[in-house]
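Take a look at the letters that make up each chain.
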Amino acid sequence: MRALNCDPNLDHIPGYVDEADRFHDHPERWLEEQWPKEYNCNGTIVEHPEYGEVIQLTGDQRQHIKDFLCKVGIVKEENCKIHGF
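So, a few notes on the structure that sits alongside this text. If you're wondering where the values come from, they're calculated on a predicted model, not measured in any experiment.

### Quick look at the overall build of the chain
So, point 1. On a plain count of helices and strands, the chain comes out with three helices and two strands.
So, point 2. Each helix and strand of the chain, ordered N terminal to C terminal, gives the series α-α-β-β-α.
So, point 3. Buried positions account for 20% of the 85 residues belonging to the chain.
So, point 4. In the chain, of all internal contacts separated by at least 6 residues, the share reaching a separation of at least 24 is 28%.
So, point 5. Total accessible area computed for the chain in this model is approximately 6,600 Å², and 52% of it derives from carbon and sulfur atoms.

### Thoughts on the state of the cysteines
So, point 1. Enumeration according to the criterion identifies zero disulfides in this entry.
So, point 2. With no disulfide of its own, Cys70 lies closest to Cys80 among cysteine sulfurs, the gap being 4.9 Å.

### Quick word on the pairing of strand S1 (residues 43-48)
The side chains of a regular strand alternate, residue by residue, between the two faces of the sheet.
So, point 1. Of the pairings in the sheet, the one linking S1 to strand S2 (residues 52-57) comprises six bridges and is antiparallel in character. Paired with Gly43 across the two strands is Leu57, which belongs to S2.

### Quick look at the environment of Ile65
So, point 1. Of note, Ile65 is situated in helix H3 (residues 62-71).
So, point 2. Sequence separation between Ile65 and Ile82 is 17 residues; the distance between their C-alpha atoms is 9.5 Å.

### Concerning the pattern of salt bridges
So, point 1. One pass over the full model with this rule turns up two salt bridges.
So, point 2. With its nearest N and O atoms 2.8 Å apart, the salt bridge here joins Asp60 to Arg62.
So, point 3. On the accessibility criterion, Arg62 (28% relative accessible area) is partly exposed.

### Some words on H3
Because an α-helix completes one turn every 3.6 residues, residues spaced three or four positions apart along the sequence face the same direction.
So, point 1. Three or more residues of H3 are buried, namely Ile65, Lys66, Phe68 and Cys70.
So, point 2. The positive-phi residue at the C-terminal boundary of H3 is Gly73, with phi of around 85°.

### Details of the side chain of Gln61
So, point 1. Relative to the helices and strands, Gln61 is located in the loop between S2 and H3.
So, point 2. On the accessibility criterion, Gln61 (11% relative accessible area) is buried.
So, point 3. Gln61 has contacts with Tyr39 and Cys41, leaving out every residue within four places of it along the chain.

Thresholds, definitions, all that
- Residues numbered from 1 in each chain as written.
- Predicted model: local features only at pLDDT ≥ 70, side-chain atom pairs only at ≥ 80, totals over all residues.
- Heavy atoms only, no water.
- Helix = DSSP H or I, 4+ residues; strand = E, 2+ residues; numbered from the N terminus.
- Buried < 20%, exposed > 50% of the residue type's maximum accessible area, 1.4 Å probe, protein only.
- Contact = heavy atoms within 4.5 Å.
- Areas by Shrake-Rupley, 256 points an atom, 1.4 Å probe, with all protein chains shown as cover.
- Disulfide = S-S within 2.5 Å.
- Pairing = 2+ DSSP bridges.
- Salt bridge = Lys/Arg side-chain N within 4 Å of Asp/Glu carboxyl O.

Structure representation (structure tokens):
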């Protein structure tokens with residue numbers, strides 16, 4: 001698991017927002033920023049008629065997403081299963 005960066009703004013940089021605040025203010029934007037960096041893919045959030053907002057990623061990212069969700073502590077390894085193929 002990785003903790004979000006919340007370093008104090010000791011240099012008094014105008015407009016500084018730490019990673020934890022960025023996540024809590026706009027979790028969708030934070031996820032969009034993190035996934036392409038880590039998994040070399042593009043993604044977007046779309047509205048699904050049954051599930052609401054869902055994340056769509058290019059390519060087969062099932063293992064990467066499982067790893068990501070476990071790493072950031074959203075889900076435990078033993079509670080996450082990859083389906084398909």
